[in-house]
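# Architecture at a glance
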Amino acid sequence: MQLKIMPKKKRLSAGRAPLMLFLCQMISALEVPLDLVQPPTITQQSPKDYIIDPRENIVIQCEAKGKPSPSFSWTRNGTHFDIDKDPLVTMKPGSGTLTINIMSEGKAETYEGVYQCTARNERGAAISNNIVIRPSRSPLWTKEKLEPIILRNGQSLVLPCRPPIGLPPPIIFWMDNSFQRLPQSERVSQGLNGDLYFSNVLPEDTREDYICYARFNHTQTIQQKQPISVKVISVDELNDTIAANLSDTEFYGAKSHRPRPPTFLTPDGNTSRKEELRGNVLSLECIAEGLPTPIIYWIKEDGTLPINRTFYRNFKKTLQIVQVTEADSGNYQCIAKNALGAIHHTISVTVKAAPYWIIAPQNLVLSPEEDGTLICRANGNPKPRISWLSNGVPIEIAPDDPSRKIDGDTIIFSKVQERSSAVYQCNASNEYGYLLANAFVNVLAEPPRILTSANTLYQVIANRPALLDCAFFGSPLPTIEWFKGAKGSALREDIYVLHENGTLEIPVAQKDSTGTYTCVARNKLGMAKNDVHLEIKDPTRIIKQPEYAVVQRGSTVSFECKVKHDHTLIPTVMWLKDHGELPNDGRFTVDKDRLVVADVNDDDGGTYTCVANTTLDNVSASAVLSVVAPTPTPAPIYDVPNPPFDLELTDQLDRSVQLSWTPGDDNNSPITKFIIEYEDAMHEPGLWHHQTEVPGTQTTAQLKLSPYVNYSFRVMAENNLGRSLPSEASEQYLTKAAEPDKNPTAVEGLGSEPDNLVITWKPLNGFESNGPGLQYKVSWRQKDGDDEWTSVVVANVSKYIVSGTPTFVPYLIKVQALNDAGFAPEPAAVMGHSGEDLPMVAPGNVRVNVVNSTLAEVHWDPVPLKSIRGHLQGYRIYYWKAQSSLTRNRRHIEKKILTFQGSKTHGMLPGLEPFSHYTLNVRVVNGKGEGPASPDKVFNTPEGVPSAPSSLKIVNPTLDSLTLEWEPPSHPNGILTEYTLKYQPINSTHELGPLVDLKIPANKTRWILKNLNFSTRYKFYFYAQTAAGSGIQITEEAITTVDEAMASRQVDIATQGWFIGLMCAVALLILILLIVCFIRRNKGGKYPVKEKEDAHADPEIQPMKEDDGTFGEYSDAEDHKPLKKGSRTPSDRTVKKEDSDDSLVDYGEGVNGQFNEDGSFIGQYSGKKEKEPAEGNESSEAPSPVNAMNSFV
């Protein structure tokens, strides 16, 4: 029985056996509780190849656990190492870790050797790897006299480095006397051996400080070679040198350099060989000389270069393949080419492999009389040899165990007993290395125990997954059952998922999932159970969201955010502006449901977000605020102040000066403040900066100054209307230099390559330098270690690159400013990281759970953090529809990508097509890019309901039949089973008749309906079906043809002569009536108001005013306007038959309209007016007679 349970799932469904989990014995191990007897397990040890710093004490780690606690012993170079006899060696109490005190006395070289630790108790003995201890070495460069190098323009050159041999080998780089990296290019570059290669030299290559540096990381020391002087001269200079020094008569021709085809500077010859180990980085190099500078190309003769593992370095002169495998063996060819020709070199690569695990042995916990196996399977090139040890002794000479049988890489145990407990070691070795693994066999008889705390309370938001833990142990391995409620039966429903570590998962928890769940573990020795409690909470929702607002400057705006939440949870509501905190301004006030912004200005525009948080969930909603200009106001009467004048500097000190001035005219608006600005004529001439502000009643200011600045000052006045123009500048004042007051800001450490650390900062400006000679002291060291700081002083730049760093290692960084006067205060250290590299490992154990026909859930195991080699950005799923499950026709593959941020190990794939065949893989992503893809995982989506039929046409109508023709659905989403046609008649009042339901075979695309009613409209509903259900319906209407005999008997009344004559007579009578009324009105006499009679001789053409109700003028244009839709004559203005024909009360103002004794209309002067409501766009004025006529016609 093995102990570690893989996170495999078992789904519980209705009708299956009770929810029980039988964990297989052949899966990786659980942890044995430490209170149980168990053999030792090595938990920590030093690396196999352990290079130590000779200046520090040697610490060799060996930690182990076990019950009883193990004792420790050591061997050195294969023999027992008696630590009691060496006063410099001590062992940590309760541990096997050794400390060798060489700082007080002794030498590191004395303790070189191969060490191995053994941890032992009554159940067995575990051993560590062979730990090879070697002190690091950083020898000095041998002194040598280097002659200056003189060569012609265009010649090739190799500057040798030849660093001293150290342990580990040093990191090589070329710099000048100022510690600045020498620029490299396709023409000039550093080789893998550290030499500096020039394909051809140029006059600008002349310098006397070509210096090769060797950095020894273990001792944090840097050694440098003697500077090399190089002088590049032209033909004329060379001839002069020959004539002056050698008196030679042989001179060079006039041409200083001739173009030439490429030749290789390295490697030599046409072919070479390279051997590399599996998993390492294969580096192949070709550097060529020639004029013009050659370009390098790489190919693999018998294959293609591996995608995602191939990188080009050093201007393509170096080819690197990471995580090299045996498949990368072969012939690689580098080609150097320029305009005059090409040359190639073939490198034969052989990839060998140190042993690597296929199956590493795992701990076994067995009960008496049980069976089990230990498997140790490894591979390598050459094939590794497998050997077994028992308690650290070769198994051939170890005590015999009748329950044990060895079969090559497998040990088989049968009917074990307690005495069978032991620790077994598997050693897989070949000429390139070895693997050593400890795996114990622990024979125990233990009843079940549940390790999860009792009565644990789980709270989950509704419709989200719930995971209830049940960690357990027992020997024999227990079975697990889950129950709900005190008297519930074993869970059987489809909604539950049981993980093999005992965890119960409810994928979509509902309110009825609330309750007590009991986990029961059983084996033949007993039973244990544990209760946990689940509460389902309502999700938090924003029921009233903030809304988009447009407001004027100076006004007030409010945003509302009402939150509904579970009554047992306490929400907190927070407001954000543009995804950041609200401004610290009293104009912003927040209460329970509302944000109010008073006196809005332009800066307040942006996105405001309401965020509601509880302990279990959070929701948010946003709205945008737009600020616009207020309604224009009349021009101001007053004006801004006149500029101040007569500026004077007094009390001039190193760090302060007093400025005084005379205010200008305030232009009838009191000055509220003065604004003082300065100019630095030394560093930023012409730019003015804000210095300070003082109240408007003050005309002097004591100004704080910075060192080494040539100051000028100016003053502006401000009142409620605005700011004045600046005053004339004051006299200049130069302050003395001093050390910097501050250090650079924005210090960061980020690698641009896997083997460097780029330190950047925001430099001080000239004003902040405080003096001449501004420089920076850049310091760094690894964060996780006791290394000393490495420092360089650089010029006034903003970047420094540390090369040769390990990949993605945290560093502490400091950047300190200094000038000719001294150093700035000690800066705080910030943390950075050396460069990222692409992840090395693909996510494993990819599983796909198809939720429905359009949704799938993907799970994967996270990759080891060390293999990410950078900041984890997330995981990326590539998925594509390979082919249709129905047609199996391959189409163009369009890959889709979903990225899941952070360390998530699962995600949902939405929008899948039903009844389709999909393939996916998963990759881990860091800041550098994507890692390798996991093996492709394929899955199929089930059938879904089809889309609507592509078309439905009704053709060939007859008296009693209609023909339907259709196209199948464009997306059947499965196999069509049939079509459903429903139809019903529609009568003349649009009422629907009885519905007829008809099933049509799936292979039909045409159907004739017979025995229908003639001249009848029918409505049709048509849809397709699959096994998953009915699809979207399409509707259509059609009419059967009319019986011609009946149609001939129908007569249109509008074509009958008697009807036309009647309508003409009615129209003529109405016209005569209106003419009579119009004539009578003109005979009605004069108005009783004298002023109106005098001013307007003809009342027919007087305007009708809105305030007095008189008639308005009318024109032909008005008369012929169409009557607006919805207009009607009010009831009190309708011409009634019983009224007198010569009465015009219908055109007056309601009941107040009257006639004078002479018949003149005086209602408009009655002093009363009752407005009638307008209907639609109808005017409330009384219509003119002509308009009234138009309304009758």
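Helix and strand counts for the protein chain stand at seven helices and 89 strands. Relative to its full complement of 1193 residues, the protein chain shows a buried share of 42%. Long-range contacts, defined here as pairs at least 24 residues apart, represent 66% of the contacts in the protein chain between residues at least 6 apart. Within the structure as shown, the protein chain displays about 63400 Å² of accessible surface, and the carbon and sulfur contribution to it stands at 52%.

Let us now look at the pairing of strand β76 (residues 855-861). With five of seven residues buried, β76 is to be regarded as a mostly interior element. When strand β75 (residues 844-852) meets β76, the two strands line up antiparallel, connected through six bridges. Bridge pairing in β76 places Val850 opposite Ala856. Between β75 and β76, which pair antiparallel in sequence order, lie two residues. Bridge analysis of β76 against strand β79 (residues 906-909) gives four bridges, and the strand direction is antiparallel. Within the sheet, the bridge partner assigned to Val858 lies in β79 and is Gly907.

Fine structural detail should not be taken from predicted coordinates in areas where pLDDT scores are low. Taken as a whole, the protein chain shows an average pLDDT of 84; of its residues, 84% reach a score of 70 or greater. Counting contacts from residues 1-29, a segment whose pLDDT is below 50, to residues more than four positions away or on other chains yields 113 contacts. Scored below 50 in pLDDT, residues 1085-1193 makes 125 contacts in the model with residues more than four places away or belonging to other chains.

Take the packing of aromatic side chains next. One pass over the structure, following the stated rule, counts 22 aromatic pairs. On the numbers, 5.8 Å between centres and 80 degrees between planes, the contact of Phe81 with Tyr115 is edge-to-face. Here Phe81, found in the loop between β8 (79-80) and β9 (89-91), pairs with Tyr115, found in strand β11 (residues 113-121); they are 34 residues apart in sequence, far enough to count as distant. By relative accessible area, Tyr115 is classed as buried at 0%. Aromatic rings pair up to connect Tyr678, Tyr711, Phe713 and Phe767 into one cluster. Lys48 extends its terminal NZ or CZ atom over the ring of Tyr434, reaching a point 4.1 Å from the ring centre.

With that out of the way, let us pick up the pattern of salt bridges. One pass over the structure, following the stated rule, counts 40 salt bridges. Residues Arg123 and Glu418 are paired through a salt bridge, measuring 3.1 Å at the closest nitrogen-oxygen approach. Of the two residues, Arg123 is situated in the loop between β11 and β12 (124-127) and Glu418 in the loop between β37 (410-413) and β38 (422-430); the sequence distance between them amounts to 295 residues. With a relative accessible area of 53%, Glu418 lands in the exposed category. For Asp741, the salt bridge is made with Arg655, and the minimal N-O distance between the two is 3.3 Å. Of this pair, Asp741 sits in the loop between β66 (733-734) and β67 (745-750) while Arg655 sits in the loop between β59 (645-650) and β60 (656-662), and the two are 86 residues apart along the sequence.

Looking now at a nonpolar patch on the surface. Taken together, the side chains of Leu1068, Leu1071, Ile1072, Ile1075, Val1076 and Ile1079 make up a nonpolar region of the molecular surface, amounting to roughly 500 Å² of accessible area. Examined against the element boundaries, Ile1072 turns out to sit in helix α4 (residues 1057-1082). You can call Ile1072 partly exposed: its relative accessible area is 45%.

Across the sheet, three strands lie side by side as β5-β10-β9; this open sheet has antiparallel pairing. Unpaired on one side and paired on the other, β5 (58-60) and β9 mark the two borders of the sheet. In this sheet, neighbouring strand axes are inclined to one another by 20 degrees on average, regardless of whether the strands run parallel or antiparallel. Relative to strand β10 (residues 98-100), β9 is paired through three bridges, and the arrangement is antiparallel. Each residue of the ladder has a partner; that of Val89, found in β10, is Ile100.

Formed by 31 residues in total, the largest nonpolar core has its most connected members in Ile60, Trp74 and Tyr111. Looking at this core, the elements that each hand over two or more residues are β4 (49-52), β5, β6 (62-67), β7 (71-76), β10, β11 and β13 (131-135). Per-element tally for this core: the top contributor is β11, with three residues. The residues touching Ile60, leaving out its near neighbours within four places in the chain, are Ser46, Tyr50, Trp74, Gly96, Thr97, Leu98, Ile100, Tyr115, Ile131 and Ile133. Judged by nonpolar contacts, the second largest core, of 24 residues, contains Ile450, Leu468, Ile480 and Trp482.

All right, on to the sheet that holds strand β86 (residues 1006-1009) then. Ordered in space as β82-β83-β86, the three strands form an open sheet in which the pairing is antiparallel. The open sheet has two free edges, formed respectively by β82 (949-955) and β86, since each of these has just one partner strand. Ignoring which end each strand starts from, the neighbouring axes of this sheet average 20 degrees apart. Looking at chain direction, strand β83 (residues 962-969) and β86 are connected through four bridges and run antiparallel. Paired with Leu964 across the bridge in β86 is Trp1007.

Moving on, we get to α4. Spanning 26 residues, α4 covers 39 Å between terminal C-alpha atoms, matching the ideal 38 Å at 1.5 Å per step. By the burial criterion, the buried members of α4 are Leu1074, Cys1077 and Arg1081.

Put plainly, two cysteines are in a disulfide when a covalent bond ties their sulfur atoms together. This structure, assessed with the given rule, holds six disulfides. A sulfur-sulfur distance of 1.9 Å marks the disulfide that ties Cys161 to Cys212. Across the S-S bond of Cys161 and Cys212 the torsion is about -65 degrees, and the bridge reads as left-handed. Pair noted here: Cys161 is in the loop between β15 (157-159) and β16 (171-175) and Cys212 is in strand β19 (residues 207-216), with a separation of 51 residues, a long-range link. Relative accessible area serves as the criterion here: at 0%, Cys212 is assigned to the buried category.

Okay, the side chain of Glu836 next. Topologically, Glu836 is positioned in the loop between β74 (830-833) and β75. For Glu836, which is buried and forms no salt bridge, the nearest opposite charge comes from Lys928, at a distance of 8.6 Å. There is a polar contact of 2.9 Å between the side chain of Glu836 and the backbone nitrogen of His871. Among the polar contacts made by the side chain of Glu836, one reaches the main-chain amide nitrogen of Gly927 at a distance of 2.9 Å. Here Glu836 is in contact with Glu753, Pro754, Thr807, Phe808, Arg869, Gly870, His871, Asn926, Gly927 and Lys928, once residues within four sequence places are set aside.

Residue placement: Tyr1018 occurs in strand β87 (residues 1017-1026). For Tyr1018, a relative accessible area of 4% gives the class buried. Considering only alpha carbons, one finds Tyr1018 and Leu962, 56 residues apart in sequence, at a separation of 9.7 Å. For Tyr1018, the residues in contact, after removing those within four places along its chain, are Tyr983, Gln984, Pro985, Leu1012, Asn1013, Glu1036, Glu1037, Ala1038 and Thr1040. Within the local environment of Tyr1018, its side chain forms a polar contact with the backbone nitrogen of Asn1013, the two atoms lying 2.9 Å apart.

Basis of the calculations
Residues numbered from 1 in each chain as written. Predicted model: local features only at pLDDT ≥ 70, side-chain atom pairs only at ≥ 80, totals over all residues. Heavy atoms only, no water. Helix = DSSP H or I, 4+ residues; strand = E, 2+ residues; numbered from the N terminus. Buried < 20%, exposed > 50% of the residue type's maximum accessible area, 1.4 Å probe, protein only. Contact = heavy atoms within 4.5 Å. Areas by Shrake-Rupley, 256 points an atom, 1.4 Å probe, with all protein chains shown as cover. Pairing = 2+ DSSP bridges. pLDDT = per-residue confidence, 0-100. Phe/Tyr/Trp six-rings, centres within 6.5 Å; stacked < 30°, edge-to-face > 60°. Lys NZ or Arg CZ within 6 Å of the ring centre and 35° of its normal. Salt bridge = Lys/Arg side-chain N within 4 Å of Asp/Glu carboxyl O. Patch = residues over 30% accessible without salt bridge, like charges linked within 9 Å, V, L, I, M, F, W, Y side chains within 5 Å. Axes fitted to C-alpha atoms, helices over the stretch in contact; angles between N-to-C directions. Core = buried A, V, L, I, M, F, W, Y, C linked by side-chain atoms within 4.5 Å. Expected span 1.5 Å × (residues − 1). Disulfide = S-S within 2.5 Å. Lys, Arg positive; Asp, Glu negative; His and termini not counted. Polar contact = N/O pair within 3.5 Å; in protein donor to acceptor, adjacent residues only side chain to side chain.

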